[in-house]
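Here's the letter readout for the chains.
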Amino acid sequence: MEKLLIEGGQALSGSVIISGAKNAALPILISSILTAEECTYTNVPKLRDIGITCQLLEQFGTQVSSTENTVVINAGTINSTVAPYDLVNRMRASILVLGPLLARFGHAEVSLPGGCAIGARPVDLHIDGLKKLGAKITVEAGYVNAKVEGRLKGNRIYMSTISVGATENLMMAAALAEGTTIIENAAREPEIVDLANCLNKMGAKVSGAGSNNIEIEGVETLHGCEHAIMPDRIETGTFLVAAAVTGEVTCLNTDYHLVEPVIEKLRDANALIEWDDNSIHIDMRGRELKAVNIKTLPHPGFPTDMQAQFTMLNVVANGVGTITETIFENRFMHVPELRRMGANIQLEGNTAICPEKSDLMGAQVVSTDLRASASLVIAGLVAKGVTQLDEVFHIDRGYENIEKKLVGLGAKITRVDD
Ligand SMILES: CC(=O)N[C@H]1[C@@H](OP(=O)(O)OP(=O)(O)OC[C@H]2O[C@@H](n3ccc(=O)[nH]c3=O)[C@H](O)[C@@H]2O)O[C@H](CO)[C@@H](O)[C@@H]1O
Ligand SMILES: C=C(OP(=O)(O)O)C(=O)O
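Residues numbered from 1 in each chain as written. Chains lettered and ligands numbered in written order. Predicted model: local features only at pLDDT ≥ 70, side-chain atom pairs only at ≥ 80, totals over all residues.

J.: How would you summarise the UniProt feature "binding site: UDP-N-acetyl-alpha-D-glucosamine" (unreviewed entry) in the protein chain if you had to cite specific residues and measurements?
T.: Residues annotated by UniProt as "binding site: UDP-N-acetyl-alpha-D-glucosamine" (unreviewed entry) correspond here to Arg92, Arg121, Pro122, Val123, Asp124, Leu125, Asp305 and Ile327. Tracing the sequence through the fold places proline 122 in the loop between β7 (107–111) and α5 (124–132). One can find aspartate 305 in the loop between β18 (293–295) and α10 (307–315). By the C-beta count within 10 Å, which is 24 here, aspartate 305 ends up buried. If we skip the residues at most four places from it in the chain, aspartate 305 touches Ile234 and Arg371. (UniProt positions renumbered as here; feature names shortened; annotations may be inferred. Helix = DSSP H or I, 4+ residues; strand = E, 2+ residues; numbered from the N terminus. Buried ≥ 20, exposed ≤ 12 C-beta atoms within 10 Å, placed from the backbone. Contact = placed C-beta atoms within 7 Å.)

J.: Please set out the UniProt feature "binding site: phosphoenolpyruvate" (unreviewed entry) in the protein chain residue by residue, giving values where relevant.
T.: Those residues carrying the UniProt feature "binding site: phosphoenolpyruvate" (unreviewed entry) are Lys22 and Asn23 in this numbering. Secondary-structure assignment places lysine 22 in helix α1 (residues 22–31). Not counting the four nearest positions on each side in its chain, lysine 22 is found in contact with Pro45, Leu47, Asp49, Asp232 and Gly398. Counting through the fold element by element, asparagine 23 comes out in helix α1.

J.: Tell me about the environment of lysine 205, and please be specific about residues and values.
T.: Tracing the chain through its elements places lysine 205 in strand β12 (residues 205–207). Between the alpha carbons of lysine 205 and alanine 175 there is a distance of 7.0 Å; along the sequence they are 30 residues apart. If we ignore the near neighbours within four places in the chain, the residues touching lysine 205 are Ile216, Glu217 and Val219.

J.: Please give an account of the sheet that holds strand β5 (residues 70–74) that cites residues and values.
T.: Strand order in the open sheet formed by four strands is β4-β5-β3-β14, with mixed pairing between adjacent strands. Every other strand in the sheet has two partners, leaving β4 (63–67) and β14 (225–228) as the edge strands with one partner each. Across the sheet, the axes of successive neighbouring strands diverge by a mean angle of 15°, strand direction being ignored. As judged from the four bridges shared by strand β3 (residues 38–42) and β14, these two strands associate in the parallel manner. Note on β14: the bridge partner recorded for cysteine 39 is cysteine 225. (Pairing = 2+ DSSP bridges. Axes fitted to C-alpha atoms, helices over the stretch in contact; angles between N-to-C directions.)

J.: Requested: an account of the confidence of the model for the protein chain, with residues and values cited.
T.: For the protein chain, the mean per-residue pLDDT works out to 97, and 100% of the residues sit at or above 70. What the predictor reports for the complex is a pTM of 0.98 with an ipTM of 0.99. (pLDDT = per-residue confidence, 0-100.)

J.: For the site of ligand 1, give the residues involved together with the corresponding values.
T.: For ligand 1, the set of nearby residues contains 20 residues, the closest of which are Asn23, Leu125, Ser163, Val164 and Gly165. For the shell around ligand 1, the secondary structure elements donating two or more residues are α1, α5 and α6 (164–175). (Near = placed C-beta within 6 Å.)

J.: I'd love a proper account of the sheet that holds strand β15 (residues 248–252), names of residues and values included.
T.: In spatial order, the strands read β2-β15-β17-β16; together these four strands make up an open sheet with mixed pairing. Single-partner strands in this sheet number two, and they are β2 (15–17) and β16 (272–276). Across this sheet, the average inter-strand angle for adjacent strands is 15°, counted without regard to direction. Relative to β15, β2 runs parallel, the two being bridged by three bridges. When the bridges of β15 are listed, serine 15 appears paired with threonine 250. Lying over the sheet, helix α8 (residues 233–244) contacts β2, β15 and β17 (279–283), oriented at roughly 165° with respect to β15.

J.: Explain the packing of helix α4 (residues 98–105) against α6 to me, using residue names and the numbers behind them.
T.: Remark: α4 packs on α6, axes separated minimally by 7 Å, with the N-to-C direction vectors making an angle of 10°. With respect to α6, the axis of α4 lies roughly parallel. Residue-level inspection shows Leu98, Gly99, Pro100, Leu102 and Ala103 of α4 in contact with α6, the latter providing Asn169, Leu170, Met172, Ala173 and Ala175. In terms of residue class, the contact of α4 with α6 is built from eight nonpolar, two polar and no charged. (Parallel < 35°, antiparallel > 145°, perpendicular 65-115°, else oblique. Nonpolar A, V, L, I, M, F, W, Y, C, P; charged D, E, K, R; others polar.)

Structure (structure tokens):
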């Protein structure tokens, strides 16, 4: 099992190149299912979840080739529409194949993703939305079986809960439906805009992505495309928080506008932030770090995927900081691990309160999920002594070369395998 050994106490300084966004790359790679022509994607991050997505696409019979950060997919050779448990189980976003497979082939059998460390994460909105488009869907023996006679039919779909994944699944399915679909109360995340832009390059007619109402005028076929994946706003935010507790960092190949909710909180924390067209500089040297108050919300609110990192920031900041998680019901798994390092965090329902600044000591801690691991790495950078982070595969789901990037900024981190 691989683990990270982090020797704390080094001031971070320098520049880091931000990778393409995992949460944009996953649906976009999956959207290649919608066409029999070749699609070329650049700025694809090399991540565990991207590897699993490629395996899943190959399982359907697609041809996938990758070099560095480019992935080329040809789904003209698909001969199966079954997404098996052993792959879906390894990555929840696999459920996103349901809409595209159904729209292009008229059938799909996709294993139900289970819950995960951060919550139950049901897929009812995906299923109900596809039913509104005319699919017949049953759930049996752990599989979602979906069928449609002829093409899906456009419809008005109101989402009772804002869901990123369901919005993406339905947008992809509706792209090949007959007639017009309107998704009301759609998610507005930037990754949805990136997916819509990519679909439009394939010949789809999607408008309104990034707003509450997305309109998709279905077309009969889609064609191949070339698309560069947007920068990862969560990786950007994670490096900004790492810098806020240790020194100064410039994030390159990113976009300030993607991280405005995070920047606002870093300014509340007393960070000096400067930015230009594709970089963001944060400097905390000689400044007092102040605890912040945060409530996670769907975009453009504060992202839940940055909650664990800011919980960690509050641990070492001056003053009282309060963080309320409203998206997932169990997203505080990092708290007991941070406590093992000496963090004073009180949990009251879905709120984590840091009443005062804590001095952290290195300890053996375990990753429970992706962003929890990121918060523990940041804790390790600040703590006295050595932190051993176990189950490190969680962080490899979403951070490309995490330890190499941090070492490039002056951190002392090694990966060991035993
Ligand atoms: C691959 C990807 O892009 N993952 C992101 C995506 O996850 P994901 O798309 O899974 O998250 P959703 O936006 O769907 O989930 C939001 C809330 O809706 C609930 N829900 C969702 C679907 C459904 O059918 N029924 C239902 O009740 C969920 O349990 C959750 O409480 O958005 C989350 C919220 O910003 C992020 O934390 C994840 O990083
Ligand atoms: C929760 C996340 O991802 P996923 O939806 O893939 O589990 C995340 O990126 O923080």
